[in-house]
Amino acid sequence: MSKAITTAVLSAALAGGALAAAPAALAQPATAAADHDCGKVWYSGTALTKYGHSGNRVVEVQCLLWLHGYNLARDGQFGDTTYSRVRAFQKKAFPNNSAEWDGQVGPKTWAKLRAF
C-alpha cells in the first residue's frame, strides 16, 4: 500500500511539474535564431515560394538569405521583410535581368541561393 501511494504521489508530482512548465515555454517569444537552426536543411526542393507562404520552405529561404548576409528573422513566415530581402538578393544574383526581381523564389532563385 505504501508503494502504491508513493507511486501515485510521484506520478502526480511529475505530471504537475510538466503542466507547470508548459505555460512558461509557451510564453517565450519566438526568436528566429533559437527556433530555426540554419545549419540544417529545412527544404531541398525548388517549388515556387512567395509572399504569404509559411513553413519549412520559407525557413529554408530565410536561412539561405541569412547565410548570404541578409538580416531577417527565420520565422517561417514569408512577409514584407522576406519579400524585400529576396528582391535585394535577386538584384545582386541577376543584375542584368530585372524580370527575375519578382520577390518570388522559383528554381533559378533557389539555385542561386544554394550556390556559395
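Keep in mind that what you see is a predicted model, and the values were worked out from it rather than measured.

The rules behind the values
- Residues numbered from 1 in each chain as written.
- Predicted model: local features only at pLDDT ≥ 70, side-chain atom pairs only at ≥ 80, totals over all residues.
- Heavy atoms only, no water.
- Helix = DSSP H or I, 4+ residues; strand = E, 2+ residues; numbered from the N terminus.
- Buried < 20%, exposed > 50% of the residue type's maximum accessible area, 1.4 Å probe, protein only.
- Contact = heavy atoms within 4.5 Å.
- Areas by Shrake-Rupley, 256 points an atom, 1.4 Å probe, with all protein chains shown as cover.
- Patch = residues over 30% accessible without salt bridge, like charges linked within 9 Å, V, L, I, M, F, W, Y side chains within 5 Å.
- Salt bridge = Lys/Arg side-chain N within 4 Å of Asp/Glu carboxyl O.
- Phe/Tyr/Trp six-rings, centres within 6.5 Å; stacked < 30°, edge-to-face > 60°.
- Lys NZ or Arg CZ within 6 Å of the ring centre and 35° of its normal.

S.K.: I tried to follow the overall build of the protein on my own but got confused; where do I start?
M.R.: A count of helical and extended segments in the protein gives five helices and zero strands. Counting from the amino terminus, the protein carries its helices and strands in the arrangement α-α-α-α-α. A buried classification covers 27% of the 116 residues belonging to the protein. Counted over contacts in the protein with a minimum sequence separation of 6, partners at least 24 positions apart contribute 43%. Carbon together with sulfur atoms contributes 60% to the accessible area of the protein, which is approximately 7300 Å² in total.

S.K.: Explanation requested: a nonpolar patch on the surface in the structure shown.
M.R.: On the surface, a nonpolar cluster with roughly 360 Å² of combined accessible area is contributed by Trp66, Leu67 and Phe116. With respect to the secondary-structure elements, Leu67 resides in helix H3 (residues 56-67).

S.K.: What is the right way to look at the side chain of Glu100 in this model?
M.R.: Of note, Glu100 is situated in the loop between helix H4 (80-93) and helix H5 (107-114). In contact with Glu100, not counting residues within four places along its chain, are Gln90, Phe94 and Lys108.

S.K.: When you look at the packing of aromatic side chains in this model, what are you seeing that I'm missing?
M.R.: To describe a pair of aromatic rings, you give the distance between the ring centres and the angle between the ring planes. All told, the structure shown has three aromatic pairs when counted by the stated rule. Their ring planes at 50 degrees and their centres at 5.4 Å tell us that Tyr43 and Trp110 sit as a pair that is tilted. With a gap of 67 residues between them, Tyr43 in the loop between helix H2 (32-35) and H3 and Trp110 in helix H5 connect regions that are remote in the sequence. On the basis of relative accessible area, Trp110 is assigned to the buried category, the value being 0%. In this arrangement the basic side chain of Lys40 is found over the ring face of Trp42, its NZ or CZ atom lying 4.1 Å from the centre. The positively charged end of Arg74 is found above the aromatic ring belonging to Trp66, 4.3 Å away from the centroid.

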